[in-house]
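So the chains spell out like this:
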Amino acid sequence: MEKEEGEDWEPVDTTSLGRATWTFLHTLAANYPKKPTAVEKTRMMLFMAHFSDLYPCEVCQSGLKDIVTKTPPEVESNKTFTRWMCKVHNGVNEHLGKELFDCSKVDERWGVCESCKVYREDLNAFKNLIRSIPSSKSG
Ligand SMILES: Cc1cc2nc3c(=O)[nH]c(=O)nc-3n(C[C@H](O)[C@H](O)[C@H](O)COP(=O)(O)OP(=O)(O)OC[C@H]3O[C@@H](n4cnc5c(N)ncnc54)[C@H](O)[C@@H]3O)c2cc1C
């Protein structure tokens with residue numbers, strides 16, 4: 001497949017993967033409930049355990065696994081989890097000799113993604129659209 005002029009297809013590296021992943025992880029934390037249920041807490045613990053096993057950068061993965069084992073995810077509330085994520089990121093920043101981030105500013109930096117919210121009407125319209133598509137098995 002030919003690269004179109006102006007298209008940005010730089011290969012993924014630890015830097016671009018890291019930046020995208022932190023955006024995902026901090027946004028995940030920002031959207032974590034203020035008062036999570038027991039199921040939501042367990043789900044997040046499991047997610048972080050699997051995530052730290054599977055993160056596809058060998059050198060990063062071993063460091064991350066170490067941090068998550070020594071400092072298990074603090075999933076009691078949105079506040080504890082967003083701060084925990086900030087501490088984890090600062091652990092990596094420290095390891096890389098980067099400046100540490102002020103975790104009191106984490107909500108300001110990583111507020112909830114407004115455009116990520118699905119409104120009920122949009123969701124119903126989407127479900128109706130899916131129902132209207134003939135299934136490949138029936139056709
Ligand atoms: C789990 C994980 C482990 C990694 N391990 C390594 C490794 O071992 N070696 C390696 O070379 N790279 C590693 N990386 C990549 C590295 O952390 C950076 O993502 C990459 O170097 C790009 O750095 P950056 O300066 O663009 O900012 P990033 O560190 O990617 O941060 C993006 C933005 O997040 C904000 N931010 C910074 N610190 C915090 C914080 N503590 N809390 C909240 N927000 C913050 C800042 O606004 C910053 O611009 C890892 C990434 C991840 C996700």
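Cut-off values and rules
- Residues numbered from 1 in each chain as written.
- Predicted model: local features only at pLDDT ≥ 70, side-chain atom pairs only at ≥ 80, totals over all residues.
- Helix = DSSP H or I, 4+ residues; strand = E, 2+ residues; numbered from the N terminus.
- Rg over C-alpha atoms; globule rule 2.2 N^0.38 Å.
- Buried ≥ 20, exposed ≤ 12 C-beta atoms within 10 Å, placed from the backbone.
- Axes fitted to C-alpha atoms, helices over the stretch in contact; angles between N-to-C directions.
- Parallel < 35°, antiparallel > 145°, perpendicular 65-115°, else oblique.
- Left-handed = near helix turned anticlockwise from the far one by under 90°.
- Contact = placed C-beta atoms within 7 Å.
- Nonpolar A, V, L, I, M, F, W, Y, C, P; charged D, E, K, R; others polar.
- UniProt positions renumbered as here; feature names shortened; annotations may be inferred.
- Near = placed C-beta within 6 Å.

Chemist: Before we move on, could you go through the overall build of the chain and cite the residues and values that matter?
Modeler: From N to C terminus, the chain includes 6 helices and 0 strands. When the helices and strands of the chain are read in sequence order from the N terminus, they spell out α-α-α-α-α-α. Relative to a compact globule of 139 residues, whose C-alpha radius of gyration would be 14 Å, the chain shows 19 Å and is clearly more extended. Dimensions along the principal axes, computed over C-alpha positions, put the chain at roughly 55 × 45 × 30 Å. Counting every position in the chain, which comprises 139 residues, the buried fraction comes to 11%.

Chemist: Account for the packing of helix α2 (residues 38-54) against helix α3 (residues 58-70), with residues named and values stated.
Modeler: When two helices pack together, their arrangement is given by the angle between the helix axes and the distance between those axes. Put simply, α2 and α3 touch, their axes get as near as 8 Å, and they point 155 degrees apart. Taken as axis vectors, α2 and α3 run roughly antiparallel relative to one another. Between α2 and α3 lies a crossing whose hand is left-handed. Taking contact as the criterion, the partners of M48, S52 and D53 in α2 are, on α3, L64, K65 and V68. Its residues assigned to classes, the contact of α2 with α3 shows 3 nonpolar, 1 polar and 2 charged.

Chemist: Talk me through the packing of helix α1 (residues 14-30) against helix α4 (residues 78-95); I want residue IDs and the actual numbers.
Modeler: Closest axis-to-axis distance for the α1/α4 pair is 8 Å, and the angle between their directions is 160 degrees. Viewed along their axes, α1 and α4 adopt a mutual orientation that is roughly antiparallel. Viewed along their axes, α1 and α4 form a crossing whose handedness is left-handed. Contact residues: α1 offers W22, L25, H26, A29 and A30, while α4 offers F81, T82, M85 and H89. Split by residue class, the contact of α1 with α4 holds 6 nonpolar, 3 polar and no charged.

Chemist: Give me the lowdown on the UniProt feature "domain: ERV/ALR sulfhydryl oxidase" (unreviewed entry) in the chain, citing residues and values where you can.
Modeler: On the UniProt side, "domain: ERV/ALR sulfhydryl oxidase" (unreviewed entry) is annotated at positions that read residues 10-110 here. The span residues 10-110 is 68% helix and 0% strand, and its two end C-alpha atoms sit 26 Å from each other.

Chemist: Tell me about the site of the ligand, and please be specific about residues and values.
Modeler: As a structural note, the neighbourhood of the ligand is formed by 21 residues, with G18, C60, C86, H89 and F101 the closest of them. Per-element accounting of the shell around the ligand gives the leading share, 7 residues, to α1. A per-class count over the shell around the ligand returns 10 nonpolar, 9 polar and 2 charged.

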